[in-house]
Amino acid sequence: MDHMFFRINECNSMPNDINLVDFVVDGEKLGKVTPKVAERLCNTSPTIFQKADSNSPLTLGKSAGNTIESRTKAVASVMEELRDSGYITGWRDEMYPVANNFDKVTSPVFLIERAAASLLGVMEYGVHINGLIISEDDKEVKMWMARRSKTKSKFPSMLDHIVAGGQPAGLSLLDNVIKECEEEAGIPEELTKRGIKPAGVISYENYGGRLKDEGEGVMNRVVLFCFDLMLPKDFVPSANDGEVESFFTWSLEEVAQSMHPEYDDPIKPNCYPVIIDFMLREGHISPDSPKYLEIYYLVYRADYTDNSSGYKGDRSNCPPGRG
């Protein structure tokens, strides 16, 4: 169980002494940045990003306008300048909705390039799919794993879920799952629809980035919608979009072994909370196990929104079965 603590804490790593500035637009708290990141944004474009004084939140200036379109264009101009200077890396050309909770992503405050979302510390949403089969010989559950392409900007060549992706603007969760399954693993739409099952939500928050020691790190604040996809035992995924090099299956015991801190070929860090969630839900971890409740608490940490009336780390607000 200690290995599970290690893998969960890889995603949830917030320094105790970090000082953060709220990013607020129209009275809505949308993100968190360090003071130095706020300073850089304001210096890059003083008319678009503004901060009145040391105690004030970061916000958008009047020149950004008050529509989704104008704010998206204004923020993009700053982020593109930072990209061109090499400050922002891993550009995706994929737009994320910015809102203070998931119910508002269909009418966001603005859209932001995926690679820049963590710079503003806004909530990011994604889907992760546990690809499952039941082995014919011993009826054991096995999980499909993917080997990421070595050309990926993040976590190249690491192991990953069979399918996982960010939740872009303009798509429902299920439509995104269907799209990602077909693009990343060659899973036909009818196969996905037949075997997919929504399985809950996990979240994590960490401070990182190559400039974190200089006070200009980024805030990764992520909500992942978990899905279980039962696939036919004779189905073999295929890499279609260049993001994956190969696929193979692991037993749950092999997955658990990869959680050891010194395992030489681990799975991408944010997959582990989703996998541990699956093991908890399906009874593959006994409630009699040492530290079971501590693991449960860490996985279902309930940080789903920037709205103080929603889930925000208060366990009494967790949905039934998740608290």
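Residues numbered from 1 in each chain as written. Predicted model: local features only at pLDDT ≥ 70, side-chain atom pairs only at ≥ 80, totals over all residues. Heavy atoms only, no water.

Caption draft 1: Summary view of the pattern of salt bridges. The full count for this structure, using the stated rule, is 22 salt bridges. Note that Arg71 is salt-bridged to Asp26, the shortest N-O span being 2.8 Å. Of this pair, Arg71 sits in helix α3 (residues 68-84) while Asp26 sits in the loop between β1 (21-25) and β2 (28-33), placing them 45 residues apart in sequence. Classification of Arg71 as buried rests on a relative accessible area of 7%. Between Asp160 and Lys268 there is a salt bridge, and its shortest N-O distance comes to 4.0 Å. (Salt bridge = Lys/Arg side-chain N within 4 Å of Asp/Glu carboxyl O. Helix = DSSP H or I, 4+ residues; strand = E, 2+ residues; numbered from the N terminus. Buried < 20%, exposed > 50% of the residue type's maximum accessible area, 1.4 Å probe, protein only.)

Caption draft 2: A look at the packing of helix α2 (residues 35-44) against α3. Two elements in contact, α2 and α3, have axes whose closest approach is 10 Å; the angle formed by their N-to-C orientations is 105 degrees. Regarding the angle of α2 to α3, the classification is roughly perpendicular. Listed contacts from α3 to Arg40, Leu41 and Thr44 of α2 are Val78, Met79, Glu81 and Leu82. Split into classes, the residues belonging to the contact of α2 with α3 amount to four nonpolar, one polar and two charged. (Axes fitted to C-alpha atoms, helices over the stretch in contact; angles between N-to-C directions. Parallel < 35°, antiparallel > 145°, perpendicular 65-115°, else oblique. Contact = heavy atoms within 4.5 Å. Nonpolar A, V, L, I, M, F, W, Y, C, P; charged D, E, K, R; others polar.)

Caption draft 3: The arrangement of the packing of aromatic side chains in detail. A full pass over the atoms with the stated rule returns eight aromatic pairs. With 6.2 Å between their ring centres and 45 degrees between their planes, Phe23 and Phe49 make a pair best called tilted. Residue Phe23 is located in strand β1, and its partner Phe49 is located in strand β3 (residues 49-50); the two are separated by 26 residues in the primary sequence. With respect to burial, Phe23 and Phe49 carry one shared label: buried. When the centroid spacing of 4.7 Å and the interplanar angle of 65 degrees are considered together, the rings of Tyr296 and Tyr300 count as edge-to-face. Exposure class is identical for Tyr296 and Tyr300. Each is buried. Lying across the ring of Trp91, Arg83 places its NZ or CZ 4.6 Å from the centre. (Phe/Tyr/Trp six-rings, centres within 6.5 Å; stacked < 30°, edge-to-face > 60°. Lys NZ or Arg CZ within 6 Å of the ring centre and 35° of its normal.)

Caption draft 4: View of the nonpolar core. Counting 34 residues, the largest nonpolar core has Ile267, Ile276, Met279 and Leu280 as the members making the most contacts within it. Going through the elements one at a time, α1 (2-11), β8 (141-148), β11 (196-208), β12 (218-230), α7 (252-257), α8 (271-281) and α9 (292-299) are the ones with two or more residues in this core. No other element matches the eight residues that α8 contributes to this core. Sequence-distant contacts of Met279, that is, excluding residues within four places in its chain, are made with Met4, Leu252, Val255, Ala256, Met259, His284 and Ile285. Counting 32 residues, the second largest nonpolar core, distinct from the first, contains Leu30, Ala64, Val75 and Ile88. (Core = buried A, V, L, I, M, F, W, Y, C linked by side-chain atoms within 4.5 Å.)

Caption draft 5: Representation of the pairing of β12. The element β12 is largely enclosed, with a buried count of twelve among its 13 residues. Where strand β7 (residues 123-134) meets β12, ten bridges bridge the pair, whose relative direction is parallel. Paired with His128 across the bridge in β12 is Cys226. The pairing of β11 with β12 spans twelve bridges and is classified as antiparallel. What sits directly across from Lys197, in β12, is Asp228. (Pairing = 2+ DSSP bridges.)

Caption draft 6: Spotlight on empty space enclosed by the protein. Within the structure shown, the criterion is met by one cavity of 30 Å³ or more. The volume enclosed by the largest cavity comes to roughly 30 Å³. Taken together, Thr72, Val75, Ala76, Met79, Met95, Leu111, Ile112 and Glu113 make up the lining of the largest cavity. Secondary-structure elements contributing two or more residues to the lining of the largest cavity are α3 and β6 (110-113). Sorting elements by how many residues they give to the lining of the largest cavity places α3 first, with four residues. Along the lines of polarity and charge, the residues of the lining of the largest cavity split into six nonpolar, one polar and one charged. (1 Å grid on protein atoms, 1.4 Å probe; cavity = no way out; pocket = protein on both sides within 12 Å on 5 of 7 lines; lining within 4 Å. Points joined across faces, edges and corners; volume = space filled by probe spheres on them.)

Caption draft 7: The arrangement of α3 in detail. Taking 1.5 Å as the rise per residue, α3 with 17 residues should run 24 Å; its terminal C-alpha atoms sit 24 Å apart, in good agreement. Arg71, Thr72, Ala74, Val75, Val78, Met79 and Leu82 are the residues of α3 that are buried. (Expected span 1.5 Å × (residues − 1).)

Caption draft 8: Layout of unusual backbone geometry. Although it is not a glycine, Asp26 adopts a positive phi angle of roughly 55 degrees. Classification of Asp26 by relative accessible area gives exposed; the value is 61%. Unlike most non-glycine residues, Ser157 shows phi in positive territory, near 70 degrees. Structurally, Ser157 can be placed in the loop between β8 and β9 (159-161).

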